[in-house]
Structures are given as structure tokens and as C-alpha cells.
Amino acid sequence: MLLAIVPLVKAQETVNYGVQPAMQPIYIARALGLLEPIEKKHNVKIVFRSFKYGAPQNQAMAAGELQISSAGMGPAVIAAARLPATLVAITVLEQTALIVPTDSPVKNVAELKGKRIAFPGEGSQQYPLLLKALADAGMTESDVVLFKTDGAQVPTLLLNKSVDAGITWDPHVSNALAVGHSRVLLKAEEIMPIMQGHYVGNGEYVHNDFLAKRPEVVQDLVTANARAIDFIIKDPKGATQLWSKQIGFDEKVITFSLANGISVFNRNMVPEKATLDAYVKFMKEGKILEEKDYPNVEPRFAQKALEVIR
């Protein structure tokens, strides 16, 4: 009696992608349908796992619960320096701003002396940016009163006049500005211009085990980000509509962000050494990184992605 030979079907692999409810290009990639072909091609299922900020995101990466992650440049660099992770792309420039109520008499950072400032914690990239802004104005942390909070709560605190100023990232910045109760006191690019005249806002980083095992999937995901950035630049109105559906923010908030350069997008998403050297130096001066820390970086994925969209 002949037995039928049943071919083995390889089980579908889950790729957990860490994200935040922010203007990250990977949301546009998903909305444009760029992830489905990757799933079919590589027999994977891409699952977005959302986090409010970078610290718990990095905890999940350290535990091996995330294969790839999109987060602010600070958490991304910390992960690539201290965790089994590698930075593979820079996907957003700018993003952070120091804001005050619209009717505040404060006209410059020096006038914040003795004032209460909301910030998202010592481990955030906003913390060293704030310290540098204070230092540039001849002040230190002891000259102000810092109030630690969730970055998303900064606009509410400013609206209620619970604080005199706040530093946070987009779209929380644009949310406060578009409503009209707050204004920008200082943008990140004025504090620390690093890449193309801007600050570096967001990075994509990959767990080293996944990078070694599935580099072809990493490449296609980085390329999907590149295609999404290309779409954002070519059709900001279309991108605004897609983002609004994906992350639940009002279209006018996202439109404000793009029109006023709060979140900035550029096709050159390569994490180049000069950019990383400047950023790492800045993070060490802010006591976020230790002297021995330097991130693992692999620029070839972003380089190849740029070749595809040109």
C-alpha cells in the first residue's frame, strides 16, 4: 500500500513591530498596502504593538518580544547601544519642541527661570534637549522646576496652566499648536541641528537575532518605510488622511505639523556615521549614554531602499 506524501508547510512567523501613536512612516506603509506583499513573500504576519513611549518599547525589545521597532531617536540609539539591537534607518527629522501657552509672557528660554516645565522623563530624548536649551540660555536644571509626565499630557497641562512650559514630541506638539492654546518657544532644530539642518526625530531598530535570521524581511520593511516617506513628501494631503485613520489624530493637527515643519521627512534615511557621532556626543553630554556606549548601526538596508525608490 502506497502512502501519500504530504508536503510540510512551514508555519507562519509573527513579526512584532513596535510602534507609537505618532506620525511614523510605517503606518503609511500599512495604509498603502505595502506590508501585505512582504507577508506573502516571506510567510510572515506583521503585527503592530503600540507603546506610549520608548522605555517600555525597549523593555519589550530586550525581552525578545519585538523583532523590529520604530521609536524616537533617543530610545532607538539607547537600544542599539545597550540591547541586542541594531539601528537600520532614520525615518523622521525634527518632531520635538519646547512650547508655552499662547498668552504666556515668556519670550525666550532665559525667561523660564523659576518656571515649571513638563517633560517626559530623564530617559527621553527630550530631557537632554531641554538641558541643552537651558545651558544655551546660561541656566541649569536647578534653575527651573521639572515636572515629569506622559508626553501626551503636555498639551493638557499647558491648556490648564498647570505648567509654564512643556517639551514633547509630535503629534502632541502640533495638537497643542493647532488648537491654538500654545505656541513654540524653541524647536529641536534650533537646539541641536544634526542632520540636514534638523534634529533627528525617529529611528527604526531591529533585534539582532531577527536581523541575523531574516535580513531579507528587514530589507523589505525598511524599503516599505522608504516608499512611505516618498509618498508623504509627494502627497502630504493623502498622507494626512491615512495617518488620521491609522493613529486617530485630527487631520488638522497632522496638516499643521507638516506645514510648519514640526515633523520633517526626507528621503535620505541612512544612519550615517557623522550623524550618529554627533547624536551620541549629544546624548553623552546629557548623561543619557555612558562614555563606553555606541550604537550598533547597519546602513546598508536604508542605502538599498533609497536605490529602489529613486
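All values reported here derive from a predicted model rather than from experimental measurement. Sequence order as written defines residue numbering, which begins from 1 separately in each chain. For a predicted model such as this one, the threshold for reporting local features is a pLDDT of at least 70, and the threshold for listing and counting side-chain atom pairs is 80 or more; totals across whole chains, interfaces and linings nevertheless cover every residue. Hydrogens and water are ignored here; the side-chain numbers use all heavy atoms of the structure.

Engineer: Let's hear about the overall build of the protein: which residues, and what values?
Structural biologist: A tally of regular secondary structure across the protein gives 14 helices and 11 strands. What the globule rule says is 2.2 Å times the number of residues to the power 0.38, and the radius of gyration is computed from C-alpha atoms. Relative to the compact-globule value of 19 Å for 310 residues, the protein shows a C-alpha radius of gyration of 20 Å, a close match. When burial is assessed residue by residue, the protein has 55% of its 310 residues classed as buried. Considering only contacts within the protein whose residues lie at least 6 apart along the sequence, 80% involve residues at least 24 apart. His is not counted here, nor are the chain ends, while Lys and Arg score as positive and Asp and Glu score as negative. Think of each charge as sitting on NZ of Lys, CZ of Arg, CG of Asp or CD of Glu. Charge-centre separation for the protein: the mean point of 33 positive side chains lies 3 Å from the mean point of 32 negative side chains. Only DSSP runs of H or I reaching four residues or more are called helices, and only runs of E reaching two or more are called strands; each is numbered from the N terminus. Working definition: with a 1.4 Å probe on protein chains only, accessible area under 20% of the residue-type maximum means buried, over 50% means exposed, and in between means partly exposed. Contacts are residue-level and defined by heavy atoms, with any inter-residue pair within 4.5 Å sufficient.

Engineer: Hey, could you go over helix H2 (residues 35–42) for me, with residue numbers and the actual values?
Structural biologist: For H2, the full list of buried residues reads Leu35, Ile38, Glu39 and His42. The buried residues of H2 occupy an angular sector of 100 degrees when the element is viewed end-on, so they sit on one face. Of the residues in H2, the exposed ones pointing more than 90 degrees away from the buried face are Lys40 and Lys41. The inward-facing, buried residues of H2 contact helix H1 (25–31), strand S2 (44–50) and helix H10 (215–234). Within this analysis, the arc is defined by the directions that extend from the helix axis to the C-beta atoms.

Engineer: Explain empty space enclosed by the protein residue by residue, including any values.
Structural biologist: Grid spacing is 1 Å over the protein atoms alone, the probe is 1.4 Å, and a cavity is where that probe fits but cannot get out, while a pocket is an open set with protein on both sides within 12 Å along at least five of seven lines and lining residues have an atom within 4 Å of a point. Grid points are joined across faces, edges and corners, and a volume is the space filled by probe spheres set on the points. Using the criterion set out here, one finds 1 cavity of 30 Å³ or more in the structure. Every residue along the wall of the largest cavity is listed here: Ile90, Thr91, Val92, Leu93, Met195, Val264, Phe265, Asn266, Asn268 and Met269. Considering each element in turn, the lining of the largest cavity owes the most residues, 4 residues, to strand S4 (residues 85–94). Taken together, the residues that form the lining of the largest cavity break down as 7 nonpolar, 3 polar and no charged. Residues are grouped as follows: Ala, Val, Leu, Ile, Met, Phe, Trp, Tyr, Cys and Pro are nonpolar; Asp, Glu, Lys and Arg are charged; every other residue, Gly included, is polar.

Engineer: Which residues make up the layout of surface pockets, and what are the values?
Structural biologist: The computed volume of the largest pocket comes to approximately 450 Å³. As for the largest pocket, its lining consists of 28 residues, and the residues nearest its centre are Gly54, Ala55, Pro75, Gly123 and Ser124. Every element with two or more residues in the lining of the largest pocket is listed here: helix H3 (54–62), strand S3 (68–72), helix H4 (73–82) and strand S10 (200–207). By residue class, the composition of the lining of the largest pocket is 11 nonpolar, 13 polar and 4 charged.

Engineer: Would you mind going over unusual backbone geometry in detail, with residue names and values included?
Structural biologist: A cis amide bond links aspartate 170 to the next residue, proline 171, at an omega of 10 degrees. In this fold, proline 171 is placed in the loop between strand S8 (165–169) and helix H7 (172–179). Positive phi, close to 70 degrees, is recorded for glutamate 94, a residue that is not glycine. Positionally, glutamate 94 belongs in strand S4. Overall, glutamate 94 belongs to the buried group, its relative accessible area being 1%. One non-glycine residue, lysine 287, lies in the positive phi region at around 65 degrees. Within the secondary structure, lysine 287 sits in the loop between helix H13 (273–285) and helix H14 (300–309). The class for lysine 287 is exposed, based on a relative accessible area of 72%.

Engineer: Can you tell me about the packing of H7 against helix H12 (residues 251–259), naming the residues and giving the values?
Structural biologist: Direction vectors running N to C along H7 and H12 enclose 105 degrees, while the axes themselves pass 8 Å from each other. Taken as axis vectors, H7 and H12 run roughly perpendicular relative to one another. Two secondary-structure elements touch here, H7 through Ser174, Asn175, Leu177 and Ala178 and H12 through Lys252, Val253, Phe256 and Ser257. Axis definition: a line fitted to C-alpha atoms, limited for helices to the stretch in contact. Angles are taken between N-to-C directions and run from 0 to 180 degrees. Note on angle classes: values under 35 degrees are labelled roughly parallel, values over 145 roughly antiparallel, values of 65 to 115 roughly perpendicular, and the remainder oblique.

Engineer: Describe the sheet that holds strand S7 (residues 145–148), and please don't skip the residues or the numbers.
Structural biologist: We treat two strands as partners when DSSP finds at least two bridges between them. Taken in spatial order, the 5 strands line up as S7-S6-S8-S5-S9 in an open sheet, and their pairing is mixed. Only two strands of the sheet have a single neighbouring strand rather than two, namely S7 and strand S9 (182–187). Adjacent strand axes in the sheet meet at a mean angle of 30 degrees when their direction is disregarded. Helix H5 (residues 126–136) contacts strand S5 (96–101), strand S6 (116–119), S7, S8 and S9 of the sheet and is inclined by roughly 135 degrees relative to S8.

Engineer: Explain the nonpolar core to me, and be specific about the residues and the numbers.
Structural biologist: Take the buried Ala, Val, Leu, Ile, Met, Phe, Trp, Tyr and Cys residues and link them wherever side-chain atoms come within 4.5 Å; each set so joined is a nonpolar core. Residues Leu98 and Tyr279 are the most contacted members of the largest nonpolar core, which totals 49 residues. Tallying contributions element by element places H4 first for this core, with 6 residues. Core analysis: the next-biggest nonpolar cluster, separate from the first, contains 44 residues, Ala29, Ala89, Ile229 and Val253 among them.

Engineer: Talk me through the side chain of serine 69; I want residue IDs and the actual numbers.
Structural biologist: Topologically, serine 69 is positioned in strand S3. What qualifies as a polar contact is a pair of N or O atoms within 3.5 Å, subject to a donor-acceptor requirement within protein and to the restriction that residues adjacent in sequence count only when both atoms come from side chains. Looking at serine 69, its side chain comes within polar contact range of the side chain of glutamine 57, at 2.7 Å. Beyond its immediate chain neighbours, meaning those up to four positions away, serine 69 contacts Tyr17, Gly18, Gln57, Met61, Gly203, Glu204 and Tyr205.

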